[in-house]
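Observations on the model geometry
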Amino acid sequence: MRQGSANCVPKVESTEETSDEEQEWTCGTGSAVNRIAVVVALCVIVSAAAGSAQMPFVAVSGGATVGDLMGGGVSTDSRWGGTAGISVGFRSWNYFVTSLEGNWVQKGGGETRLDYIEIPLLIGGVAQASNGIGVRMYSGIGVAFPVGCSSAGALACDAKKGTEWAWPLGLQVGRWLAPNRFVALDVRYSLGLSDAFEATLAANRSWQFRAYVGFPIGGARGP
């Protein structure tokens, strides 16, 4: 019985003679197509801007998160979780950094844990001293797709939405250890712009703390 699926709709209206079990359902693929389109669009934006890149890089990250769910009469306690991911980006015009990340992030709050694959596009400026220490402030837009859910409270996992949009705002402090390696500490606040569940207006609010290790690519070298 497919009545509980958010992507399934009846082909014809049910009647008194037609039970739920007999009703024909059609399941659309629009959700999956939309996810692919969003990822492709973010990649195109980064690729188009990379024409002025001076120093492309790749980095891996890991850390912790703490957040809650708020809105629509829902206000949960804070919940701790983890995060790990990979990012690619480039530095252009000497003081401008653009990056695209793919992160596993745990969000939610209270008795509800939500696991996402999150893809944020981040744009910001960097100020760097002669000793290799740099400070980067950034913002952007992120899209996330749920990959896991656990809830012992009133929020049912079956009602979670298939896509979440978020507004990230962060500060990163890093240092080049050598011409071919850098490390950084990052603090980011991610504000949910869309509801996490179908039946409520509750959105994720998440603080994310990461450590990065990165490397220039394509023959580029750090300062």
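These numbers come from a predicted model, not from an experiment.

What counts and what doesn't
Residues numbered from 1 in each chain as written. Predicted model: local features only at pLDDT ≥ 70, side-chain atom pairs only at ≥ 80, totals over all residues. Heavy atoms only, no water. Helix = DSSP H or I, 4+ residues; strand = E, 2+ residues; numbered from the N terminus. Contact = heavy atoms within 4.5 Å. Pairing = 2+ DSSP bridges. Phe/Tyr/Trp six-rings, centres within 6.5 Å; stacked < 30°, edge-to-face > 60°.

Re the side chain of T76
With respect to the helices and strands, the residue T76 is situated in the loop between β4 (74–75) and β5 (79–92). Among all residues touching T76, those that are not within four sequence positions of it are D68, L69, G109 and G110.

Overview of the pairing of strand β8 (residues 133–151)
Looking at chain direction, strand β7 (residues 112–128) and β8 are connected through 17 bridges and run antiparallel. Note on β8: the bridge partner recorded for D115 is G148. With 10 bridges joining them, β8 and strand β9 (residues 164–178) adopt antiparallel strand pairing. Bridge pairing links M137 to L171 in β9.

Things to note about the packing of aromatic side chains
Counting across every chain of the model gives 3 aromatic pairs. The interplanar angle of 85 degrees and the centroid separation of 5.9 Å between the aromatic rings of F57 and F182 together place this pair among those described as edge-to-face. Here F182 lies in strand β10 (residues 181–192) and F57 lies in strand β3 (residues 53–71), a separation of 125 residues in the sequence. For the pair Y189 and W207, a centre-to-centre distance of 5.0 Å together with 50 degrees between the ring planes defines the contact as tilted.

Observations regarding the pairing of β5
Pairing analysis gives 10 bridges linking β5 to strand β6 (residues 96–109), with the strands arranged antiparallel. Bridge assignment links S92 to a residue of β6, and that residue is F96. Counted between consecutive antiparallel strands, the loop separating β5 from β6 contains 3 residues, among which W93 sits at a positive phi close to 50 degrees.

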